[in-house]
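# Per-entry structural report
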Amino acid sequence: MPLDLDIARFANLALDPQEDGVWVCTLNRPAKRNALDLATVEELVEFFSLAPRAGVKAVVLAGAGDHFCAGLDLIEHHDADRSPADFMHVCLRWHEAFNKMEYGGVPVIAALKGAVVGGGLELAASAHIRVMDETTYFALPEGQRGIFTGGGATIRVSDLIGKARMLDMILLGRVHQGQEAVDLGLAQYRVEGSSFDKAMELARRAAENLPLTNFAICSAISHMQNMSALDAAYAESCVAGIVNTQPAARERLAAFADKSAARIRPNS
């Protein structure tokens, strides 16, 4: 039986469950351009820890106001005057939140707009699909701020665009936007209208897949990327053995066999 996910417990995230199992998770600090303070990070940890066990079929991650996320709340960081050990533990909570997203097994589609900067890019990079609109811009300004990335940019952003481009972004504060950002791999979709509407469309399509299949896609692939090729091949075989023989897949496989299922066709 799915866990009960009490949305009233969340203050910095606005959670909106849809009837089809898609949940909208909105960063709700628009006056701060949705900068991530520690309280917001803790709510991300809680939500994405519970989502796989609460019947959530897909998540659209969005930002209130004009921006997706401007990164670390620098005012909180400045005022807290943390010790090295204190900030190390803050970073570990960021990693916990983003790992729950990437490895949690629930498809996460990020609807990007405005600033996707610093920790905001680290957050977006933890989603499985990223949709940008024409206002979206990406940057890693840590070098100019006298700080260093602490939420996984060295891992995920480097994976998306390569080490050399990541170094260029953080060392020189280079901004990417428009089609260039898609070509680099910072987003998979670019829309002229609403990135949220497109993200909802994609989330609903993903939610039609079998939950166990989505769990494998949205967790096993990331795990396998961390393995040697030999270990990944073994792990893939084990996952395929479980997923490809699940009883719920029989009906879909039967539809393919009797030619009643939709066929894959070229884009028109």
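This report concerns the structure included in the present document. The structure displayed is predicted, hence computed values, not measured ones.

### Describing the overall build of the chain
Scanning the chain for helices and strands turns up 12 helices and nine strands. For the chain, buried positions account for 46% of its 268 residues. Counting only contacts in the chain whose residues sit at least 6 apart along the sequence, the fraction spanning at least 24 positions is 70%. Surface accessibility of the chain: about 14,000 Å² in total, with carbon and sulfur atoms responsible for 56%.

### Concerning a nonpolar patch on the surface
The grouping of L212, F215 and I242 at the surface amounts to a nonpolar patch, some 270 Å² of accessible area in total. Turning to its location among the elements, L212 is positioned in helix α10 (residues 211-225).

### Re the nonpolar core
Membership of the largest hydrophobic core comes to 51 residues, with the highest contact counts inside it found for F47, F68, L123 and F138. If you tally residues by element for this core, the top one is helix α1 (residues 38-50), at six residues. The contact partners of L123, leaving out residues within four places of it in the chain, are L27, L44, L61, F68, C69, F98 and M101. Ranked by size, the runner-up nonpolar core spans 14 residues in total, among them A62, I109, A111 and V191.

Analysis parameters
- Residues numbered from 1 in each chain as written.
- Predicted model: local features only at pLDDT ≥ 70, side-chain atom pairs only at ≥ 80, totals over all residues.
- Heavy atoms only, no water.
- Helix = DSSP H or I, 4+ residues; strand = E, 2+ residues; numbered from the N terminus.
- Buried < 20%, exposed > 50% of the residue type's maximum accessible area, 1.4 Å probe, protein only.
- Contact = heavy atoms within 4.5 Å.
- Areas by Shrake-Rupley, 256 points an atom, 1.4 Å probe, with all protein chains shown as cover.
- Patch = residues over 30% accessible without salt bridge, like charges linked within 9 Å, V, L, I, M, F, W, Y side chains within 5 Å.
- Salt bridge = Lys/Arg side-chain N within 4 Å of Asp/Glu carboxyl O.
- Core = buried A, V, L, I, M, F, W, Y, C linked by side-chain atoms within 4.5 Å.

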